[in-house]
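Fold and contact review
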Amino acid sequence: MTVRKSAPGRGATKRASRSKAPAATIAAAPESTAAEEAAEATPPPAIGAVDGSLAAAEAATVQTSFADLGLSAPMLAALRDAGYVHPTPIQEQAVPLALKGRDLIGLAQTGTGKTAAFTIPIIERLLDGPHRTRALILTPTRELCVQVEESFKKYGVHSGLEVIPVYGGVGYDPQVKALRGGVDVVVATPGRLLDHLEKQNVSFDELEVLVLDEADRMLDMGFAPQINRIVAQVHAYRQTLLFSATMPPEVEALARKYLRKPVVVQVGRRSGAALTVQHFVYPCPKEKKSALLTELLNTKAMDSVLVFTRTKHGADRVVRHLEKEGINAGAMHADKTQGQRTQALEDFKSGKVRVLVATDIAQRGLDISGITHVINYDVPQQAEDYVHRIGRTGRAASTGDAFTFMSADEIAMVRTIERVIGQQIPRISVPGYDFGT
Ligand code: AMP
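A quick note: this is a predicted structure, and the numbers were derived from the prediction, not measured. (Residues numbered from 1 in each chain as written. Predicted model: local features only at pLDDT ≥ 70, side-chain atom pairs only at ≥ 80, totals over all residues.)

Re the pairing of strand β12 (residues 373–376)
Burial along β12 is two-sided: His373 and Ile375 facing one way and Val374 and Asn376 facing the other are all buried. Sheet topology places strand β9 (residues 305–308) next to β12; four bridges connect them, and they run parallel. Considered in β12, the bridge of phenylalanine 308 is made with asparagine 376. (Buried ≥ 20, exposed ≤ 12 C-beta atoms within 10 Å, placed from the backbone. Helix = DSSP H or I, 4+ residues; strand = E, 2+ residues; numbered from the N terminus. Pairing = 2+ DSSP bridges.)

Structure representation (structure tokens):
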């Protein structure tokens, strides 16, 4: 849970460019590059103005190393340990700007390396300075909260910084103890954090960086009131980084309210599905979907499969069906306790179970490396959800397949998705399962 090691090197890596600037100067705009000027001239709604094409960004990435981004030696060592060779496009664009103290809107899905894009500059900044709570990251789900904390551990392994995750559904007292003990970074879901704030278990008086991760998702989940109450307790002289896969008006409003002259960094198209994913639609009557699932699992090389269902009962039904067929599967949805969810995720990550069946609670933020396939057992109700779901595979340039089972009443929804992602998804007809076969 903590990455603190009594930190012999802490402070030894100070960089002159970010020496102990008081918080008040941090939000002040530094000298701007032409690109920044252009971005700055464009308020959040005009996000298309800095729509760097993914191809161009990827081409640029080939020549860029982490050292080119001006990172410290301990950070470069941590990234090397993580096995990273080049920054991803979002990292290449966001890290230098965040290091300068700019407010940022990062339009990027999970799978693009966005977590490191904000974690790296925060760690670099916190290397200097007092042991106080100086960074807060708000995330929509417990799972994402844990993953962001793990990223801090990974990239901050040589930093001596202490980070704690704060989320609901688990014991309160250990969190109180950890918060009162003092930490550098808090990663939290809004509801539980607000509890702690109200009980004065934590203070954000010295907070310098606020991250709103997966802002669209947080708003979808109804967290706007909690976010507002939390941000009200953070002083205005801070750096704010907002990441979102999509930019609906609600997120634009949030950005306008909380960010100062933000630079917009966008990777890929606004609703673009991950490029490394091959998509296919399997037309299949509803009542044959479970049999089609078994058929595919038994006949294809599918090592690690994330299956999405519309409902919790649907997820449980699919798990029961798979287990009856001798296929190890776990379920992940809101009716499961935190312990059960963590266990299901661990079993899936370790390969103990081959199939994880989840509702949308698991659709965002989960970093499960090595997923080979995503199966939409039910067609998602929102086109954006399709993009997020298949973002679970094809992460950080590995390839993956996304299959969508489409019953007759879901044809219109698939067409809508195709319009939004701007491509037609090829149909695969399996004899005995396709309509009328
Ligand atoms: P994220 O979009 O932050 O959820 O990251 C997606 C995945 O990409 C995670 O498994 C990261 O460990 C991985 N990742 C992040 N940055 C890089 C990089 N520069 N090179 C290779 N993998 C990366």
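Regarding helix α16 (residues 383–390)
The buried count for α16 comes to six of eight residues, which makes it a mostly enclosed element. Looking at α16, one finds that the buried residues are Glu384, Tyr386, Val387, His388, Arg389 and Ile390.

Topic: the sheet that holds strand β4 (residues 185–188)
Across the sheet, seven strands lie side by side as β3-β4-β2-β5-β6-β1-β7; this open sheet has parallel pairing. Every other strand in the sheet has two partners, leaving β3 (163–166) and β7 (263–266) as the edge strands with one partner each. On average, each strand axis in the sheet is tilted by 15° relative to the strand beside it, whichever way the strands run. Of the strands in this sheet, β1 (104–107), β6 (239–244) and β7 touch helix α5 (residues 89–99), which is tilted by about 170° from β1. Helix α9 (residues 190–198) rests against β2 (135–138), β3 and β4 of the sheet, and its axis sits at about 105° to β3. (Axes fitted to C-alpha atoms, helices over the stretch in contact; angles between N-to-C directions. Contact = placed C-beta atoms within 7 Å.)

Concerning the confidence of the model for the protein
Taken over all residues, the pLDDT of the protein has a mean of 79, while the share at 70 or more is 78%. For residues 1–62, every residue scores under 50 in pLDDT, and the model assigns this stretch 100 contacts once sequence neighbours within four places are set aside. Segment residues 269–275: pLDDT under 50, and 17 contacts once partners within four positions in sequence are set aside and those in other chains are kept. (pLDDT = per-residue confidence, 0-100.)

What about the packing of α9 against helix α11 (residues 224–231)?
Relative to each other, α9 and α11 sit at 40°, their axes nearing to 9 Å. Between α9 and α11, the angle is such that the two are oblique. Crossing handedness for the pair α9 and α11: left-handed. Listed contacts from α11 to Pro190, Gly191, Leu193, Leu194 and Leu197 of α9 are Gln226, Ile227, Arg229 and Ile230. (Parallel < 35°, antiparallel > 145°, perpendicular 65-115°, else oblique. Left-handed = near helix turned anticlockwise from the far one by under 90°.)

Re α9
Three or more residues of α9 are buried, namely Pro190, Arg192 and Leu193. Buried residues in α9, looked at end-on, bunch into an arc of 165°, giving them a common side. Contact partners of the buried residues in α9: β2, β3, β4, α10 (215–220) and α11. (Arc of directions from axis to C-beta.)

Brief notes about the environment of tyrosine 386
Within the fold, tyrosine 386 resides in helix α16. Since 29 C-beta atoms lie within 10 Å of it, tyrosine 386 is described here as buried. Once residues lying within four places of it in the same chain are set aside, the contact partners of tyrosine 386 are Pro380 and Ile417.

Let's talk about the nonpolar core
Counting residues in hydrophobic clusters, the biggest one holds 72 residues, and the most contacted among them are Leu136, Leu138, Val185, Val186 and Ala188. Ranked by residue count, the leading element in this core is helix α6 (residues 114–126), at seven residues. Beyond its immediate sequence surroundings of up to four residues, valine 185 is in contact with Ile122, Ala135, Phe152, Leu161 and Val163. Among the nonpolar cores identified, the runner-up in size contains 40 residues, and Leu292, Leu322, Val379 and Val414 belong to it. (Core = buried A, V, L, I, M, F, W, Y, C linked by C-beta atoms within 7 Å.)

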